[in-house]
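Listed here are the chains, written in short residue letters.
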Amino acid sequence: MLQCIFLLSDSGEVMLEKQLTGHRVDRSICAWFWDQIISQGDSLKLVPVIASPTHYLFQVVREGITFLACTQVEMPPLMAIEFLSRVADVLSDYLGSLNEDLIKDNFVIVYELLDEMIDNGFPLTTEPNILREMIAPPNIVSKVLSVVTGNVSNVSNTLPGATASCVPWRKTDLKHTSNEVYVDLVEEMDAIINRDGTLVKCEIYGEVQVNSHLSGLPDLTLSFANPSILNDARFHPCVRLRPWEANQILSFVPPDGEFKLMSYRVKKLKSTPIYVKPQLSSDSGTCRISVLVGIRNDPGKSIDSITVQFQLPPCILSADLSANHGTVNILADKTCSWSIGRIPKDKAPSMAGTMTLETGLERLNVFPTFQVSFRIMGVALSGLQIDKLDLKNLPSRPYKGFRALTRAGEFEVRS
Amino acid sequence: MQLRQLAGSRAPGTDDSKRELFKKVISYMTIGIDVSAVFSEMVMCSATSDIVLKKMCYLYVGNYAKNNPDLALLTINFLQRDCKDEDPMIRGLALRSLCSLRVANLVEYLVGPLGNGLKDGNSYVRMVASIGVLKLYHISASTCMDADFPAMLKHLMLNDKDAQVVANCLTSLQEIWGLEASTSEEAAREREMLLSKAVIYYFLNRIKEFSEWAQCIVLELVAKYVPSDSNEIFDVMNLLEDRLQHANGAVVLATIKVFLQLTLSMTDVHQQVYERIKSPLLTLVSSGSPEQSYAVLSHLHLLVMRAPFIFSSDYKHFYCQYNEPFYVKKLKLEMLTAVANESNTYDIVTELCEYAANVDIPMARESIRAVGKIALQQYDVNAIVDRLLQFLEMEKEHVTAETLVLVKDLLRKYPQWSHDCIAVVGNISSKNVQEPKAKAALIWMLGEYAQDMQDAPYILESLIENWDEEHSAEVRLHLLTAIMKCFLRRPPETQKALGAALAAGLADFHQDVHDRALFYYRLLKYDVSVAERVVNPPKQAVSVFADTQSSEVKDRIFDEFNSLSVVYQKPSYMFTDKEHRGPFAFSEELGNLSIDTDLANDVVPAQRVEENDKDLLLSTSEKEENHGSINNSSAYDAPSYDGSRMVGALQPQQDLVSLDQPPPANTPASLAMDDLFGLGLPVAPSPTPPPLALKLNAKAVLDPNSFQQKWRQLPVAASQEISLNPQGVSALSSPQVLLRHMQGHSIQCIASGGQAPNFKFFFFAQKEDEPSTYLVECVINSAACKAQLKIKADDQSTTQAFSTLFQSVLSEFGLP
């Protein structure tokens, strides 16, 4: 049971306070919390669940905004954190994005939303579709509408029909002029590669994202060509679990708009699409570095937005790095970033240079970790393939679209 | 001033300008400026049809009503009117605001609208009303009970079509009955009813209708349900299995808790449950934000610690990513340490060595410690020792320091490696080691292996020369002991240094250092061979190091799965105040236990210790109470209270520690103490013949902590069941009565609890003229007129006398 929710700006200012129970939580708790953050240096470094002298605090940070919840009673911590994350998601959905100004401009909406999302400290609903029916988002359409009709309220005056319907995530009488549904496979590859090039760990976390604009109450069936490769899957509440258990078929009535239908993991992949080979050698106070990047396993589609980033060890005084392709930048916090973009056909990109060590230090004794990012459109590297999507219960033939995308998640190469 | 003007200009404004003004007022309120001055104006403007305006007004009123009860009366009128609005949304909102005013003298206006709300045709209003009842209860419990709202809620809970209404009723009822249970029999029965088979099945069958959050609440309830047989357990688990694939992590975790609790008694199924939940948990960790993965990881951590072998093939999931925050990495390291076994140790240690070279210094330290822990777990020590020694060659100060501490621990466990280690350690210049712990470790090794290290005496000598620059007392203490050891092995080379060290030690301002120097000095003067036996006794290798957290504590945390306890890695009694524990735990306590604070304060001043200490003691017995009450709940009339479980639960964890070397030492400081204790002088037992008439100290004092400690340490000296006279039992209306009686006979109570017919007491007494204490656990069943006694005593020989005395005192209870 949460007692209070605060929204703090990135300077620690209280932007919003929502008391949830009779027990009033004093604002001074935020000051205490902010002192903790300052003493830790960075809000992201602070443990999400901490105990203050008077309350237990949960914090979730999104786009520089801290969502802080307080309680004095025992409760499932994941429930609190998950709820705060949902609040953040819903707010950014409503406001377009999240930042200090947006929240300050729309605080009335934020209050209204919080009012419907949680009562007396117990979460009620965080389903965006239901909320949208209760409180209209402050978008241009509604503004135009309000001018035309003269009705300035941004609260829809009907109660959500869905709360009573058997499909709580969808209202019954949706109408779209163009019926369309898009299914995206979005995968992230997490990998750790050791200095000798061995693949320590490589797995894929993927999501099936659906954007649906369908009229009526459609019934969709999505099947994969090779569902057996999935290690574990989690589903949106709309997915019927029986057909999945029996035949690995996703059968569901979709919510309207964008939603995450399913998330999955594929373990133990054998190779990565690109290789990054760093080499460091040092003696008598200088260190030579060279990094080679190339395609290891051609995925068939072009790999773009390749960047290699690493933190120069603190013992390095200066660095002189250059690349035969792309640009190298060294930022003030000693982060070195080499953006390559696409790998050219005729040459393998490489970066080389020398670094001067601290006086007194002969050899380099800490080795940086190289973080690699890339993006491949059109391919799901796990190999997961959508077999077909059937739609039932629809007045007209809809348009179906499929896309796939793989990007690097935590892709690290050690040196 | 500006606000005043705003308020003045408000009355004639149209909705639009009003809205702007309201917005301004609320934004001031949001920043924290007190705008309660315009309360009356705000209320006057609230008569509007504009719903946004209404909402802003509700918000304002909700915020300031509590401090302006008189003005709040003004709002009642329009809120009550809104409660009858034809738009259900407005009805709901008005009702919610009405309940949120929280002004005690306005509750009379609440009852009517709430009653109507509960019967409203629209589920939204019912939903608001069902939580509103709880709010009313917190403002004025009696009003709420008088209006018979709980019964209405119960009816709604079991019959309403809308799942959210049902869920809200459940949360309200749980809290209301939980709090009422202490005073009302009926509420206690109702609370039991929530856990009855019929109700639980009702919820389970509807679980898919509930929103994800309501599912969490229902699952929380189901986790407390005790099924009657294994078929039922499997039914429940089958029904809930698909919840493990829910997108909401909170639901998944709540389901896992149900599974774990249900199968606690079925070992093999429990194992299968672990296998089943492994995958969802690991997915939860890798998806979601760092905050979410941290919360999940904390739970995973707990499970891994309980059953490392199940996760040993998934060790790669616990590899740390460069970008992860330190708190996540630390948990992962601990799990890596736990899952290490024969087959994966090599991989894990290789991985850990990567972290040791990491830029992040705390991380490097932690990983070296992890390597050390794995080494102490006895897998593939050979390779690990090599790795550790490589760390020493990395020439990084923090790595060297951390490694030295570890090498020392390793040597204590595996003396056979001393040769290899010493060779490397000997090469380390003590000038490069600055951290006290590391320096102490190095000095310990220099002393312990003085005969194997060529220049040990000279290194020690140079350290002693810099005595004044050594700021850490720990290091100086070690230096003294090391030079003693060195002297006993290589006297000619060390004599001079020893003299210097003793002189410096005697002049030291630190009490311990001074005392030790003096002790050594006198010891040497007395007899060198005795000194040899004191300082340098033959040592046995330490087989197991003391565990930092007892298994009892771990079990308790496990019982509190899916709660804050897991994240803090402490059971809730260690960090929450009694009144702040969860609504359920809270009510259990009120129902079953009450420490008699005022009484204790009157008579036993020492009991005025920190509230926390009391909790610590209470909670252990409390757990028993709770266990007991669950078992006995169906059959309160035939309670055979299993007192022996108490002993089991309190068994100290010292069993884990090998007692070859007297105290469980894992720090260098206490290690040095080992040496001292190694002398092994038998403590002469004081020969006291059992006195015939036992006299008790009327002002016995014992603080709860020492009681608990003693209770753990002492064996049961006497255990018996006695009958009580019915007259006495009938006088036992509450635990306090007995306490006063016992106090009159110099037997003090330290904790008590229970409800008719089961009471439980912990007593203690002290002998008149010596600090010999008796501890008694007394479980009284007033229905059967029986009492079970368990007596523990410092002085076993007088147990019988005390037991007789205790029984006679107890039997006098209730007699005129």
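Quick caveat, the model's predicted, so the values are computed rather than measured.

Quick word on the overall build of chain B
Working step 1: Per the secondary structure count, chain B includes 42 helices and five strands.
Working step 2: Out of the 816 residues belonging to chain B, those deemed buried represent 59%.
Working step 3: Pairs at least 24 residues apart make up 68% of the contacts formed inside chain B by residues separated by at least 6 positions.
Working step 4: Of the accessible surface of chain B, which amounts to about 33,100 Å², a share of 53% is contributed by carbon and sulfur atoms.

So, the sheet that holds strand 9 (residues 199-213) of chain A
Working step 1: The mixed open sheet is built from nine strands, whose spatial order is 11-14-9-8-24-22-17-20-19 (chain A). Two strands close off the open sheet at either side, each with one partner strand: strand 11 (232-235) and strand 19 (327-330) of chain A. Ignoring strand direction, the axes of neighbouring strands in this sheet form an average angle of 15 degrees.
Working step 2: Across seven bridges, strand 22 (residues 369-377) of chain A lies against strand 24 (residues 399-414) of chain A in antiparallel orientation. Within strand 24 of chain A, the position partnered with Arg375(A) by the bridge is Arg407(A).
Working step 3: Seen against the sheet, helix 17 (residues 267-286) of chain B touches strand 9, strand 11 and strand 14 (257-266) of chain A and runs at an angle of roughly 70 degrees to strand 11 of chain A.

Details of the packing of helix 28 (residues 473-489) of chain B against helix 31 (residues 528-535) of chain B
Residue and element names in this part refer to chain B.
Working step 1: Where helix 28 contacts helix 31, the two axes come as close as 10 Å, and the packing angle between them is 125 degrees. In terms of axis orientation, helix 28 runs oblique to helix 31. Two packed elements cross with a definite hand, and for helix 28 against helix 31 that hand is left-handed. Only Val 528, Ala 531, Glu 532 and Val 535 of helix 31 make contact with helix 28, whose side of the interface consists of Thr 481, Met 484, Lys 485 and Leu 488.
Working step 2: When grouped by side-chain class, the residues that make up the contact of helix 28 with helix 31 number five nonpolar, one polar and two charged.

Here's the deal with the interface of chain A and chain B
Working step 1: Taken together, the contact between chain A and chain B spans 91 residues of the former and 95 residues of the latter.
Working step 2: Between chain A and chain B, a total of about 8,000 Å² is buried, with carbon and sulfur atoms accounting for 55% of that surface.
Working step 3: Counting the surface chain A buries against chain B, the share from its top three residues, Glu74(A), Leu78(A) and Arg234(A), is 10%.
Working step 4: Viewed at the interface, chain B and chain A are joined by seven salt bridges.
Working step 5: Asp119(A) is the partner of Lys135(B) in a salt bridge, and the nearest nitrogen-oxygen pair spans 2.9 Å.
Working step 6: On inspection of chain A and its partner chain B, the count reaches 19 residue pairs in polar contact (both at pLDDT 80 or more).
Working step 7: In terms of residue count, the dominant contributor to the side of chain A that touches chain B is helix 2 (residues 77-95) of chain A (eight residues).
Working step 8: Residue classes in the side of chain A that touches chain B are distributed as 46 nonpolar, 19 polar and 26 charged.

Re helix 27 (residues 456-465) of chain B
All names here are of chain B.
Working step 1: For helix 27, the tally of buried residues reaches seven of 10 residues, placing the bulk of the element in the interior.
Working step 2: Listed as buried for helix 27 are Ala 456, Pro 457, Ile 459, Leu 460, Glu 461, Leu 463 and Ile 464.
Working step 3: Next to the buried residues of helix 27 lie helix 26 (436-448), helix 28 and helix 29 (491-506).

Quick notes on helix 12 (residues 185-194) of chain B
All names here are of chain B.
Working step 1: Where helix 12 is concerned, the buried positions are Ala 187, Glu 190, Arg 191, Met 193 and Leu 194. In a view along the axis of helix 12, the buried residues occupy a sector of 150 degrees, so they form one face of it. Turned more than 90 degrees off the buried face of helix 12, the exposed positions are Glu 185 and Arg 189.

Thoughts on the environment of Pro113(B)
Residue and element names in this part refer to chain B.
Working step 1: When you line up the elements, Pro 113 lands in helix 7 (residues 108-118).
Working step 2: It is 10.0 Å that separates the C-alpha atoms of Pro 113 and Asp 82, two residues lying 31 residues apart in sequence.
Working step 3: Apart from residues lying up to four places away in sequence, Pro 113 is in contact with Gln 80, Cys 83, Leu 95 and Leu 98.

A few points about the environment of Lys66(B)
Residues and elements named next belong to chain B.
Working step 1: Mapped onto the elements of the fold, Lys 66 is located in the loop between helix 4 (51-64) and helix 5 (69-82).
Working step 2: Since its relative accessible area comes to 43%, Lys 66 is described here as partly exposed.
Working step 3: Separated by 36 residues in sequence, Lys 66 and Arg 102 have C-alpha atoms that sit 6.1 Å apart.

Describing the pattern of salt bridges
All names here are of chain A.
Working step 1: As enumerated under the stated definition, the model contains 37 salt bridges over all chains in all.
Working step 2: The salt bridge involving Asp 115 is made with Lys 18; its shortest N-O contact spans 3.0 Å. Linking Asp 115 in helix 4 (residues 107-117) with Lys 18 in strand 2 (residues 14-19), this pair joins segments that are 97 residues apart in sequence.
Working step 3: Residue Lys 18 is classed as buried on the basis of its relative accessible area of 9%.

Some details on the nonpolar core
Working step 1: The biggest cluster of nonpolar side chains holds 253 residues, and the ones touching the most others in it are Tyr60(B), Phe203(B) and Leu300(B).
Working step 2: At 12 residues, the largest contribution of residues to this core is made by helix 2 of chain A.
Working step 3: Setting aside residues no more than four positions away along its own chain, Leu300(B) makes contact with Leu281(B), Leu282(B), Val285(B), Phe311(B), Phe318(B) and Met335(B).

A closer look at the sheet that holds strand 2 of chain A
All names here are of chain A.
Working step 1: Spatial ordering of the open sheet is given by 2-1-5-4-3, a layout of five strands whose pairing is antiparallel. Single-partner strands in this sheet number two, and they are strand 2 and strand 3 (49-51). In this sheet, adjacent strand axes meet at a mean angle of 20 degrees when their direction is disregarded.
Working step 2: Bridge analysis of strand 4 (residues 56-62) against strand 5 (residues 65-71) gives seven bridges, and the strand direction is antiparallel. In the strand pairing of strand 5, Val 60 is matched with Phe 67.
Working step 3: Set on the sheet, helix 2 makes contact with strand 1 (4-8), strand 3, strand 4 and strand 5; between it and strand 4 the angle comes to about 35 degrees.

A look at the pairing of strand 3 (residues 758-766) of chain B
Residue and element names in this part refer to chain B.
Working step 1: Summarising burial for strand 3: nine of the nine residues are buried, a large majority.
Working step 2: Residues Asn 758, Lys 760, Phe 762, Phe 764 and Gln 766 line one face of strand 3 and the alternating positions Phe 759, Phe 761, Phe 763 and Ala 765 line the opposite face, and both faces are buried.
Working step 3: Sheet analysis places strand 3 next to strand 4 (residues 773-781), joined by nine bridges and oriented antiparallel. Bridging from a neighbouring strand, Phe 762 pairs with Glu 777 of strand 4.
Working step 4: In textbook terms, the turn of a hairpin is the stretch between consecutive antiparallel strands, and for strand 3 and strand 4 this stretch comprises six residues.

Remarks on the side chain of Gln245(B)
Working step 1: In this structure, Gln245(B) sits in the loop between helix 15 (230-240) and helix 16 (249-262).
Working step 2: For Gln245(B), a relative accessible area of 12% corresponds to the buried category.
Working step 3: In this structure Gln245(B) touches Ala233(A), Arg234(A), Phe235(A), Leu241(A), Trp244(A) and Glu245(A), once residues within four positions along its chain are discounted.

Some details on the confidence of the model for chain B
Caution is warranted with low-pLDDT regions, since their predicted coordinates should not be read in detail.
All names here are of chain B.
Working step 1: Summarising the model, chain B shows a mean pLDDT of 72, and 74% of its residues fall at 70 or more.
Working step 2: Within chain B, no element has a lower average pLDDT than helix 34 (residues 583-592), which sits at 35, and none a higher one than helix 14 (residues 212-222), at 87.
Working step 3: Between residues 578-692, whose pLDDT stays under 50, and residues either more than four places distant or in other chains, the model counts 198 contacts.
Working step 4: Across the whole predicted complex the pTM is 0.67, and at the interface the ipTM reaches 0.75.

Comments concerning unusual backbone geometry
Working step 1: Within the chain, Asn120(A) stands out as a residue other than glycine whose phi angle is a positive 55 degrees.
Working step 2: Looking at the secondary structure, you find Asn120(A) in the loop between strand 6 (118-119) and strand 7 (122-123).

Observations concerning the environment of Pro492(B)
Residue and element names in this part refer to chain B.
Working step 1: Note on placement: Pro 492 falls in helix 29.
Working step 2: On the basis of relative accessible area, Pro 492 is assigned to the exposed category, the value being 67%.
Working step 3: Considered as a pair, Pro 492 and Pro 457 are 35 residues apart in the sequence and their alpha carbons are 9.9 Å apart.

Cut-off values and rules
- Residues numbered from 1 in each chain as written.
- Chains lettered and ligands numbered in written order.
- Predicted model: local features only at pLDDT ≥ 70, side-chain atom pairs only at ≥ 80, totals over all residues.
- Heavy atoms only, no water.
- Helix = DSSP H or I, 4+ residues; strand = E, 2+ residues; numbered from the N terminus.
- Buried < 20%, exposed > 50% of the residue type's maximum accessible area, 1.4 Å probe, protein only.
- Contact = heavy atoms within 4.5 Å.
- Areas by Shrake-Rupley, 256 points an atom, 1.4 Å probe, with all protein chains shown as cover.
- Pairing = 2+ DSSP bridges.
- Axes fitted to C-alpha atoms, helices over the stretch in contact; angles between N-to-C directions.
- Parallel < 35°, antiparallel > 145°, perpendicular 65-115°, else oblique.
- Left-handed = near helix turned anticlockwise from the far one by under 90°.
- Nonpolar A, V, L, I, M, F, W, Y, C, P; charged D, E, K, R; others polar.
- Buried area = accessible area lost by both parts, 1.4 Å probe.
- Salt bridge = Lys/Arg side-chain N within 4 Å of Asp/Glu carboxyl O.
- Polar contact = N/O pair within 3.5 Å; in protein donor to acceptor, adjacent residues only side chain to side chain.
- Arc of directions from axis to C-beta.
- Core = buried A, V, L, I, M, F, W, Y, C linked by side-chain atoms within 4.5 Å.
- pLDDT = per-residue confidence, 0-100.

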